[in-house]
Every structure is written in C-alpha cells, then in structure tokens.
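This is what each chain is made of:
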Amino acid sequence: MTLHETNHDQASSSHLTTGTNPGLARRDFLSAAAAIAVGAHTAMAQDKTASPKGRSRYGEHAQPVRYPDPDVVVLDDRFKKYKLGNSAIRRVYHSRDMLWAEGPAWNGVGRYLLWSDIPNNVQMRYLEEDGHVSTFRRPSGNSNGNTFDFSGRQISCEHGNRRVVRYEYNGTITVLAHKVNGKELNAPNDAIVHPDDGAIWFTDPGYGSLMNYEGHKADTGSVQPLQKEAVYRIDADSGKITKLTDEIFKPNGLCFSPDYKKLYVADTGASHYADAPKNIKVWDIEAGKRIKNGREFASMSLEIDGEEKAGFADGIRADKDGNIWASAGWVGDGYDGVHIFAPDGTRIGQILLPEICSNVCFGGTKRNRLFMTGSQSLYAVYTEAIGAHIT
C-alpha cells in the first residue's frame, strides 16, 4: 500500500525508538544490473531485466542507485512517460518497531503525510519540509485507512472500534458509521470522499475483527466476523448508510476514476475464501450514489521466471490519466511493491520494493510523489503521474 529532504537518523517517534531516515536510498550492486545503457532522462520500454528481483537493501551504507532506477519497471510503452530517469525510490522512514504500516493520506495544507501503524495503535506523520517523523495520534482505535474530506478534516477507519470516524477542528470525534442493520460493522478498512456531495464511501472486509493483533477478534467463529463483507456509502447530509454492494469477497482498498464515473475496489478475499479471485473490480457509478455492472478490472496474476504467481492488491489510487496504482504483495521478490494498470486493465509498470506494500498515496506539493507504506517502512518516488484526487 517513500529522500532528499533529510539525511539524519534522529527522525523517530516516541514509540518507534529505532526509526531512521537514511537519506538517499541505495541498493546493492547487482552483477547483471550494473550495465544500464540509458540516459538519465530516458525510461526503457522493457527494462525488467535491469533489476529482475528488486534491490534488497536501503540505508546509508548501501551503494547509490545508478539512474534510471532499475526498480521502476516499464512493462508497456504507455508507462514510459511516467517514469523519471533521474528519480530514485527512497526509503523515507524505517523502524523495526513499526509493525504494519497502512493507510497513507496526504494533507495538502499541512504538507504532511499521515499513516497508520495498526498493531501499535498509532498514527504517524511525515513532514515534507524537513522529513521529520513523529507520532500523530495514539491511541488510534487501531486505525487502518485514512483520508481527508474537502473541508480538510481527517477521516479514519478504525479496526479496533469497528467504526468510521471524523476528527473535528475542535478536537472532538464524530462517529460516522458503527452499525448497519442493527449490527456492528466488521472492521472498516479504507475510505474515500466524493467531491460533489461530500459522501464517504468505505469498505468493510473485517480483518480487524478476525485477529486481536489488529483489533479485537470477534467470537463468532466466522470469516464474516459480524456480517457479510460489503462496500458502503455515508450520506454527508443525513448520515444515512447505504450498502452499495456485497458482490465481492473482501473489499479492501478503493478509489474513484478521475471523472468519478467508476469505482475500483481491491478484493483480498482469497485470504479466507478458497474460491475468491485475486483481483481488482470496477463498477460504473450511477447518479453519483449507486453502482452497477460490477466486473473484473485487472487480475493480480503475473508471470515471474516462467511461473504464474498472484498476490494481493491492497490500497489503490488513480492518477489523472486514469491509471490505477495498486499496492501489491505476498509473493516475494520481483512482485511485491506497486503494480500500475492502464485504464483498460493492462499492467504497464511495476515499482519493486523489498517489503510487502500495503497501500499507496499521491502527495507532495505537486501531487506527483507516490508514497508507499511497506510493512515496516515508508517509501516514496517522484513520477510524472499526478494523483487524480486530493489524497
């Protein structure tokens, strides 16, 4: 589901005592990867051979990256224009005490990135101006996904409290969703805001109620902790919660298309359902409030070393051109990181990371910097893509 700002080891939160901010990201020398006959501002059409598995080590003692970064991989010519020849993937922050980084959200006014560390029950903040990282909120209700509405208020999906909340300017918390049809939600996962009416759309797969590690395990003995997994919409005026669809196994990350005519949702149901596909689904949005024509947008299956492998898409974001940038993981080297899909569902590029990527978010002053939460680290890379939405 992220360094030229700083080069110090002191950027750590009060609870992440071993956190570092190691300056320019670096990689090991790869014997077959060292020869890259490309100019600094040129991306290769098929450059996966440059770094077939992705570099394994970041930090101040690793070797510098030779441009163009071989771990930003062009699989289709359509991705060429988004890869910058003189921009490297950077590990913005890392801590051995951070357990599962998730839910990155960019605040354009404050110029900071917010993200969750679910098991540690904390939200963290990275400042663009100097790279400083600190604890933003604790406890966080084991929050997962975060976003901001068009009034600048933070919205969080809390695993531990099984609810969607909004943090108000006066410091209070407004509970936006906690029960549906008289039952508690499973454990809301991710949320987005529609600009036309301020409605909040969110997913409820239930992972926070399937384990105590990320919330509170429900004593129901079911992979549907409290009710069927679903995607919901909260009306901004009335507060009414409407089920948009439950025709998906475990809806996870979600995003709108740039024109708000489509809704994309990652399905991670294969974690608990043997017959669940590993894919991203898409629906057409009708009248801004309903969805129809659910179908597969893209499969997460990918051939690696002659073998077909499929992991999970988790957090997803759209850029202004309609490409979908999906965090990817649970396969290993050569797969984990970010997969980029064209509007027709074709995988056109990859960003390889040495950790499982849980979520992504466009941010930075120009919204052209992709932040990636990767297990125990936060990564970032500049691109020529511009995020389609405010966060």
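Whatever comes next refers back to the structure up there.
The structure displayed is predicted, hence computed values, not measured ones.

A. Broad picture of the pattern of salt bridges. Enumeration over the complete set of coordinates arrives at 19 salt bridges. Note that Glu158 is salt-bridged to Arg163, the shortest N-O span being 2.6 Å. The two residues Glu158 and Arg163 agree in class, both being buried. Between Glu286 and Arg290 there is a salt bridge, with its nearest N and O atoms 3.5 Å apart. A relative accessible area of 31% means that Glu286 is categorised as partly exposed. Taking relative accessible area as the criterion, Arg290 reaches 44% and is therefore assigned partly exposed. Salt bridges here are not isolated pairs; linked through shared partners, they connect Asp149, Arg153, Arg166 and Glu168.

B. Region of the structure containing empty space enclosed by the protein. For the largest cavity, the calculated volume is near 130 Å³. Thr147, Phe148, Phe150, Ile192, Val193, Cys255, Phe256, Tyr260, Arg317, His389, Ile390 and Thr391 together form the lining of the largest cavity. Listed by contribution, the elements that provide at least two residues to the lining of the largest cavity are strand S9 (143-148), strand S15 (191-193) and strand S19 (251-256). Taken together, the residues that form the lining of the largest cavity break down as eight nonpolar, three polar and one charged. Of the voids in this model, the second largest cavity is the one considered here, and its volume is about 60 Å³. Of the residues contributing to the lining of the second largest cavity, the split by class is eight nonpolar, two polar and one charged.

C. Representation of the sheet that holds strand S31 (residues 377-382) within the structure. Taken together, the four strands give an open sheet; going across it, the order is S4-S31-S30-S29, and neighbouring strands pair in antiparallel fashion. The two strands at the open ends of the sheet, each matched to only one other strand, are strand S4 (90-94) and strand S29 (359-363). Averaged over all neighbouring strand pairs, the angle between strand axes comes to 25°, with direction disregarded. Pairing between strand S30 (residues 369-374) and S31: six bridges, direction antiparallel.

D. Examining the sheet that holds strand S12 (residues 173-177) more closely. What the four strands build is an open sheet, ordered S9-S10-S11-S12; its pairing is antiparallel. Edge positions in the sheet fall to S9 and S12, since each of these pairs with one other strand and no more. Put simply, the sheet's adjacent strands are angled 25° from each other on average, direction ignored. Across four bridges, the pairing between S9 and strand S10 (residues 154-158) is antiparallel. Paired with Ser143 across the strands is Glu158, a residue of S10.

Conventions adopted
Residues numbered from 1 in each chain as written. Predicted model: local features only at pLDDT ≥ 70, side-chain atom pairs only at ≥ 80, totals over all residues. Heavy atoms only, no water. Salt bridge = Lys/Arg side-chain N within 4 Å of Asp/Glu carboxyl O. Buried < 20%, exposed > 50% of the residue type's maximum accessible area, 1.4 Å probe, protein only. 1 Å grid on protein atoms, 1.4 Å probe; cavity = no way out; pocket = protein on both sides within 12 Å on 5 of 7 lines; lining within 4 Å. Points joined across faces, edges and corners; volume = space filled by probe spheres on them. Helix = DSSP H or I, 4+ residues; strand = E, 2+ residues; numbered from the N terminus. Nonpolar A, V, L, I, M, F, W, Y, C, P; charged D, E, K, R; others polar. Pairing = 2+ DSSP bridges. Axes fitted to C-alpha atoms, helices over the stretch in contact; angles between N-to-C directions.

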